[in-house]
Amino acid sequence: MGAALGATGLLATATPSSASSASASASASASASASASASTDGAAAGNDPALRKPILVGANPGLQLFDTSGSCTAYISIWQVEWSTHGAGNTVVLWRPDGMRAVGEDPQLALWLANHFVRHFPELDGLPWSAPRFHQSEVLVRLDLASGLQVRGGGIDVRMADVLDRRAFATDRFPLAAGVEHSLSLVFGPCGRARARVDGRIQPGEIRLGGTPDRPSSSAFLAAAEVWRA
């Protein structure tokens, strides 16, 4: 949630920044439902961050894989929602070149997360977006900032390990649906190892590691204690 540190995906290529220096790199055209969500979830409060209200509390780890040519083979956005304006529960949103899948027990929550959030993450900037296919299934999430992540549900199995760092981040300038800026705070944990299985097969591609020894980055990352405000 990109080149600038600012959200779940942006953190995959994290660089030192503050709320004032985080740049907006998410692309922008929202679906009608996402636009409506942005309006009802607090856009009426205007652009003043002090007036923004929480719309989601939880965690949102992510995993992006690349082939040897540098093309994205998959992006997996994992959601552990403790509370939101659209309900609570666990969801996995999978992007692959052959289409989108949203997995969870609540279609309203799963499709809102896909369309209002994931669609606008910089990992998917320039990549084709198709309407997510909802797959109803229990999603089991075990997230540990000390050891990593295990996720299973709807034919998707994700593992992350070797947590390289833990650092806090906050910004008031993350644009989502219709370019509306949201506030975001979280604790970020880049991971040194990750793999994903989709429908029983190892998803091809590798993670990208970067940054510095003091501030490592990875395209496999934990994002906990996450609060979105709009």
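What comes next is a walk through the structure. (Residues numbered from 1 in each chain as written. Predicted model: local features only at pLDDT ≥ 70, side-chain atom pairs only at ≥ 80, totals over all residues. Heavy atoms only, no water.)

Along the backbone of the protein there are two helices and 15 strands. Residue burial in the protein is summarised as follows: out of 230 residues, 50% are buried. Looking at the protein as shown, the accessible area adds up to about 9500 Å², and 51% of this sits on carbon and sulfur atoms. (Helix = DSSP H or I, 4+ residues; strand = E, 2+ residues; numbered from the N terminus. Buried < 20%, exposed > 50% of the residue type's maximum accessible area, 1.4 Å probe, protein only. Areas by Shrake-Rupley, 256 points an atom, 1.4 Å probe, with all protein chains shown as cover.)

Considering the arrangement of structural elements, one finds serine 183 in strand 11 (residues 181–198). According to the relative accessible area criterion, serine 183 is buried, its value standing at 2%. Of the polar contacts made by the side chain of serine 183, one reaches the side chain of arginine 52; its length is 2.8 Å. Within the structure, serine 183 has its side chain in polar contact with the side chain of aspartate 172 (distance 2.6 Å). Beyond its immediate sequence surroundings of up to four residues, serine 183 is in contact with Pro49, Arg52, Thr171, Asp172, Val227, Trp228 and Arg229. (Polar contact = N/O pair within 3.5 Å; in protein donor to acceptor, adjacent residues only side chain to side chain. Contact = heavy atoms within 4.5 Å.)

A separate point is unusual backbone geometry. Of note, alanine 178 is a non-glycine position whose phi angle comes to about 55°, a positive value. Assignment of secondary structure puts alanine 178 in the loop between strand 10 (167–175) and strand 11. On the basis of relative accessible area, alanine 178 is assigned to the exposed category, the value being 51%. Unlike most non-glycine residues, alanine 225 shows phi in positive territory, near 50°. Its place among the elements puts alanine 225 in strand 15 (residues 220–229).

What follows concerns the nonpolar core. One finds Leu56, Trp79, Leu113, Phe117, Phe121 and Trp228 to be the most contacted residues of the largest nonpolar core, which totals 28 residues. Listed by contribution, the elements that provide at least two residues to this core are strand 1 (54–59), strand 3 (72–84), strand 4 (89–96), helix 2 (107–117), strand 10, strand 11 and strand 15. For this core, the leading source of residues is helix 2, giving five residues. What phenylalanine 117 contacts, discounting residues up to four positions off in sequence, is Ile55, Leu56, Trp79, Trp112, Leu176 and Trp228. Listed in part, the 22 residues of the second largest apolar core include Leu63, Ala74, Val92 and Met160. (Core = buried A, V, L, I, M, F, W, Y, C linked by side-chain atoms within 4.5 Å.)

Before going further, it helps to examine the pattern of salt bridges. Pairing between side chains becomes possible if they bear opposite charge and their charged atoms approach one another. Taken as a whole, this structure holds seven salt bridges when the rule is applied. The partner of aspartate 165 in a salt bridge is arginine 167, with the nearest N and O atoms 2.5 Å apart. Here the two residues aspartate 165 and arginine 167 agree in accessibility, since each one is buried. Counted as one network, the salt bridges with shared partners bring together Asp157, Arg159 and Arg195. (Salt bridge = Lys/Arg side-chain N within 4 Å of Asp/Glu carboxyl O.)

That's the geometry; what it means functionally is another story.
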